[in-house]
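# A closer look at the structure
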Amino acid sequence: MSTRETPALGKGYYELVRTVLAENIRTGRIPPGTRLYTAAVADRLGLSPSPVRRALDGLAAEGILAVHPQQGYVVGIALPEASPGRENLHRLDLDLSLLETGRSTPLAPRWETILEEVEGAVLRTIPFGTFQISEAGLCEHFGVSRTISREVLARLNGQGLIEKSRSSHWIVGPLSARTLDEMHEMRRLLEPQALCGAAPRLEPGVLTAMAQELERLCAGGGRGDSTEIDAIETALHRDLIAACRNRRMITTIHGLQVAHVVDALFRAHIGVHDVGAIIDEHRMVVLHLLGRDAEGAAQALRRHLDLDHQRVRARLKVLSIFDAPNDLPYLIRIH
Amino acid sequence: MPSSRPRLRVVARREFVPTPLREEAARALAIDIDFAVVDSLDGLRRVVTAPESFDVYHQWHTVDLIWTSRAIRPITLDRLTCAAELSALAHPPLDAQAPPTVTGKLFVQPDGELGPRPSDRVSMLPVLRGIDAFAYQPALRDLIGPDAPESWGWLFDDRLSGRVGLLSDPVLGMIEAALATEASQGVAFGDIGNLAIEEIDHVADTLIQLKKRGHFRGVWSNYEEAARLMQRGALIQSMFTPGATRLRREKMEVAVANPVEGGRGWHSDLCLSAAADGETLDAAYAYLNWWAGGWPGACLSRQGYYAFLPERARAFLSPSEWDYWYEGLPAATALPDPFGLPAIPAGHLREGGSYAARMARVRVWNTFMDEHGYLVRRWREFLEA
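If you're wondering where the values come from, they're calculated on a predicted model, not measured in any experiment.

### Some thoughts on the confidence of the model for chain A
Residues and elements named next belong to chain A. Summing up the model confidence of chain A, the mean pLDDT is 86 and the portion of residues at 70 or higher is 90%. The lowest-confidence element of chain A is helix 4 (residues 97-100), averaging 74 in pLDDT; the highest-confidence one is helix 8 (residues 177-198), averaging 97. Note on residues 1-11: pLDDT is under 50 here. Beyond four places in sequence and across chains, it has 21 contacts. Here residues 102-107 is a poorly scored stretch, pLDDT under 50, and it has ten contacts once near neighbours within four places are set aside; other chains count.

### What about the side chain of A:Arg187?
All names here are of chain A. Within the secondary structure layout, Arg187 lies in helix 8. What makes Arg187 buried here is its relative accessible area of 6%. At 3.3 Å, the side chain of Arg187 forms a polar contact with the side chain of His237.

### Considering the sheet that holds strand 5 (residues 162-164) of chain A
Residue and element names in this part refer to chain A. One open sheet accounts for four strands, arranged 5-6-4-7; its pairing is antiparallel. Because the sheet does not close on itself, it has two edges, and the strands there are strand 5 and strand 7 (331-333). Within this sheet the neighbouring strands show an average axis-to-axis angle of 35°, counted without direction. As paired elements, strand 4 (residues 131-133) and strand 6 (residues 170-172) share three bridges and run antiparallel to each other. Residue pairing for strand 6: Gln132 is matched across the bridge by Ile171. Packed onto the sheet, helix 5 (residues 110-125) meets strand 4, strand 6 and strand 7 and runs at close to 170° relative to strand 4. This element, helix 7 (residues 146-158), spans strand 4, strand 5 and strand 6 of the sheet and lies at about 105° to strand 5.

### Things to note about the interface of chain A and chain B
The interface of chain A with chain B comprises 23 residues on the first partner and 25 residues on the second. Where chain A abuts chain B, roughly 2100 Å² becomes buried across the two surfaces, and 59% of that area is made up of carbon and sulfur atoms. Contact with chain B buries surface across chain A, with A:Lys317, A:Ile321 and A:His335 losing the most and accounting together for 35% of the total. Put simply, chain A and chain B have six salt bridges between them. A:Lys317 is the salt-bridge partner of B:Asp370, the closest N and O atoms lying 4.0 Å from each other. Applying the counting criterion to the chain A and chain B interface returns eleven residue pairs in polar contact (both at pLDDT 80 or more). Breaking the side of chain A that touches chain B down by element, the ones donating at least two residues are helix 8, helix 12 (259-270) and helix 14 (294-319) of chain A.

Procedures and definitions
Residues numbered from 1 in each chain as written. Chains lettered and ligands numbered in written order. Predicted model: local features only at pLDDT ≥ 70, side-chain atom pairs only at ≥ 80, totals over all residues. Heavy atoms only, no water. pLDDT = per-residue confidence, 0-100. Helix = DSSP H or I, 4+ residues; strand = E, 2+ residues; numbered from the N terminus. Contact = heavy atoms within 4.5 Å. Buried < 20%, exposed > 50% of the residue type's maximum accessible area, 1.4 Å probe, protein only. Polar contact = N/O pair within 3.5 Å; in protein donor to acceptor, adjacent residues only side chain to side chain. Pairing = 2+ DSSP bridges. Axes fitted to C-alpha atoms, helices over the stretch in contact; angles between N-to-C directions. Buried area = accessible area lost by both parts, 1.4 Å probe. Salt bridge = Lys/Arg side-chain N within 4 Å of Asp/Glu carboxyl O.

Printed below as a string of C-alpha cells:
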C-alpha cells in the first residue's frame, strides 16, 4: 500500500526516479541496449507512470537514453542492432535502495513531506487548545494546489487527527486527558504485543548498545538532555518494535504515541528533570530482551507505559498554563 | 565581618501579603524581602519556568503542577517548628477538616512523587484555609424574596440579570459556575471537583449564553476589584472574604452567603524554590517558621481567613477577635481589619457560624481538574464572548 501510488505526485519526485534509473544504468544493472517502456518501468519500480515518464524523458534529454523510433526508450545509443525485444525488467537485479528510504528522502512526493510537517505541527499544537486548520492557509503556506492540501487533510482525517465541524471546517484538538487515557488503554495492549513479535528478530548487538547507553545515562546521575531522552524513547518505542512483522499494528501504535509529543513539549517549556525513573523502566525492558525473555520484556514495557502515562497526564496539566506559539497561518485558534 | 542582610524573593497574591504583613515580616526576620505580588497566572508561569527567579511561593491549588515541573524542592520537616502538627495530619484520626488536597499531596514518597504516607519531607507548609461563596447586597431580597434559602443558583437567576459578577480565575470560576449550573438547572455532575469534558461544555455553554444575554455585570481578579465591582452596582457576585471585610470597613451592607449547596474550600501553602540554597534557603526556612509561629495567620484572620493551625494564631488575637472570627460569636467590640482600621461593627455576627461549622460546609476544594487544559480554553471563550 505504498503511498507512492497516488496520482498526486508533485514536482521533485521524478528526480528521485531519474537518479535511481541513472545509477542503475551507470553501474550496468540495466545494461546498454535495454528497451524501456514507461509502463514496464513503473511496474518494476512499483510506481505510478507519470513520474516514470518524466524521469525517462529527462534521461533521454540528457542522452543517457535514446528515444526508440517506434515506442519507448533504449539505454545508451540506439544502435540498429540493439535488442529489439521486450526485456523482462523483473529479471534485472536493480538497486532500489533510494526508493526504499521513502519518507526520509527530501525528494518524497510533495504532499507527503507536507503531511509530515503538518502532522507534527498539529500534534505540537493540540495540547494548547482547539484550532481550525485552513485548506486555503495550507495552499498559501506551502505554495501548493488545492488538490495537494486536500490530500494532506484527507490523510490527517484518516489518522483521526482532525475532524469536520458542523460548519464544515476542519478542526484539530484539543488534546484532553481523556484522549490520553484512551490512547494509553490501546497502546498498553498493542505495544507489548508488538514487542513480543519483534523480539525473536532483534539483533543482540542493538540491544547491547541500548543497554550500554542506558548504563551511561544512569551513571550520569539520571540526568539527560532532551536529545538523549528522545533518542532512548525512539529506540524503544519506534526502532525495536519496528522489527515486528505486523505492519498494520505498527502503524496503529505510531498513531497512539501522542504521549511523546506531550513529553517533548513539557521539556521545551519546563526543561529536563530527573529521568532516573524512565531509564530504570527502559533497562528492565532491554535486560529481559537480552535474556531472551520476550514475555518479561512485554510486561516491563507495559509497566513503563503505565507509569509514563501518569507522568504524561500530570505534564499535560502543566501545559495548560501555556499558549501555543501561534505562528502558523494555517492553524487558527478557536479556543 | 558583618555580611549584608540576606535577601528573600517571595511570590504571592495580594490577598496573602497585605502591606502590614510585609512590613512585619521584614521587621521580625531581619531579612530583606522582595514581595512580587502577582494575582494572575503569570505568577505560576514564572514559578514553573524560572525557579531561579524566586525563593518562596505562596501557592494555592497548584502543588500538582509545580511539583510535576520540579519548580519546588522538598521541605525538611526537621527544620519546621510545626513538624509535629503536620505529621499529625497523616495519622488517624484524620483531622476532619484537613483538606484532601493537602493530605493527599503533602508527603514526598520514596518514588519522588507526592502522597499521603508520612515521610520526613513535605511538598508544602499549609498556612491558611478558608471557604468561599458569593456575597450579595440586601436589595437582592426585593427580587428573590425575603425567605428564599441562599443558593448558588442565584448567580444564574434571570431576575438578577445584569447585576451579577463573577471572578475571572478559571479554576475557581468554573467550580462556582458548575455549582450555579447544578442549582439553577436541577442537574447533578458526577464529581464537581473533577468535571468531564461534556460537563465542562455544559457549564461553558451556559455561561456564554448568559453573557450574550447581558447577564453579567463584570468579572474581577482580586479582592480589591471584587469590592469595587459591588460598589459599582453588582447585586450579587463571587467574593473573597477580604473583599467583604473591605466593604464592611467602608460601611457598605453586604451579606456573605452560606449557600445550601455548600461552599468552595481552599488552602494556601508555602513552597520552597527548587533553586534556593545556602543562606537563601536558611532565610526561606526562617520565613516559613515565622508563618508557622502564628502572627501572619492572626493578621489574615482579621480579613476572614483561617490560620491552617488556628491555635498558633490564637496567641496573636484578642479574645473578642477569636470569638468573632473562629467561634462565630457576635463581635464584642468593633474589630479591625489587617490594616488596623475598624471593619466589623460591634454586635455583628459572622455568617455561617464558627470555624468548625463553616469549614464543614465545604462541598468542593479548589483544584486543577484532570481536564484543566480543556477547561481553561472554554473559560477563555466565555471571558472573550
